[in-house]
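Reading the structure
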Amino acid sequence: MVETQNEVKLVITNEDANKCDKLLNKLVLDERKYDDSIPEDAKILNYFKYMIRQKYNFLLGYYIDNNIVGYTFIKGVDKETALLDGLYVEERYRNRGIATELITTAFEICKNNKIKFLDVNVMYENKEAKSLYNKFGFENLRIGLRKSI
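Keep in mind that this is a model prediction, so the values were computed, not measured. (Residues numbered from 1 in each chain as written. Predicted model: local features only at pLDDT ≥ 70, side-chain atom pairs only at ≥ 80, totals over all residues. Heavy atoms only, no water.)

If you look at the biggest cluster of nonpolar residues, it comprises 26 residues, and the most contacted ones within it are Ile74, Leu84, Ile98, Leu102 and Tyr133. Residue assignment for this core shows that the elements contributing at least two residues are β2 (58-64), β3 (67-76), β4 (81-89), α3 (98-112), β5 (117-120) and α4 (127-135). No other element matches the seven residues that α3 contributes to this core. Counting 19 residues, the second largest nonpolar core, distinct from the first, contains Ala17, Leu27, Val28 and Ile38. (Core = buried A, V, L, I, M, F, W, Y, C linked by side-chain atoms within 4.5 Å. Buried < 20%, exposed > 50% of the residue type's maximum accessible area, 1.4 Å probe, protein only. Helix = DSSP H or I, 4+ residues; strand = E, 2+ residues; numbered from the N terminus.)

Structure representation (structure tokens):
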């Protein structure tokens, strides 16, 4: 029996950052279910390789046998606040606790960097994501409104 190696790690290489860009693309396209203003051909390239170089930004990858199957991105807002700016797990790896491990590690990183508040933005209709974040104690802080014209 071959044992797999699973772990959450900080993404530090451009190659792995580009792999996370591909997951971000999938996340954006998934969000089209909730926001039809997102173009069908939305494409993000070279985003994370620049973001991981900035202080107080942390890109976490969930690796299974050195393949990234999920990620979350902690984006520094100010000295005390960060934004959990994206969380995605490949569909075939969902319901295995990967998102939980990514969020738990994000909390540890924030605590170690003296970040007091971690915000997250969720599409209003994304009940699954809201339920996940509520389990971790995230509470409603703001409501954003939009009108289609």
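It is worth spelling out the packing of aromatic side chains at this point. In the structure shown here, the tally under the stated rule is seven aromatic pairs. In this arrangement the basic side chain of Lys130 is found over the ring face of Tyr124, its NZ or CZ atom lying 4.3 Å from the centre. (Phe/Tyr/Trp six-rings, centres within 6.5 Å; stacked < 30°, edge-to-face > 60°. Lys NZ or Arg CZ within 6 Å of the ring centre and 35° of its normal.)

A few words on the side chain of Thr81. Take Thr81: it is sitting in strand β4. For Thr81, a relative accessible area of 13% corresponds to the buried category. For Thr81, the residues in contact, after removing those within four places along its chain, are Gly76, Ile115, Phe117 and Asp119. (Contact = heavy atoms within 4.5 Å.)

Geometric descriptors of this kind do not, in isolation, establish any biological role.
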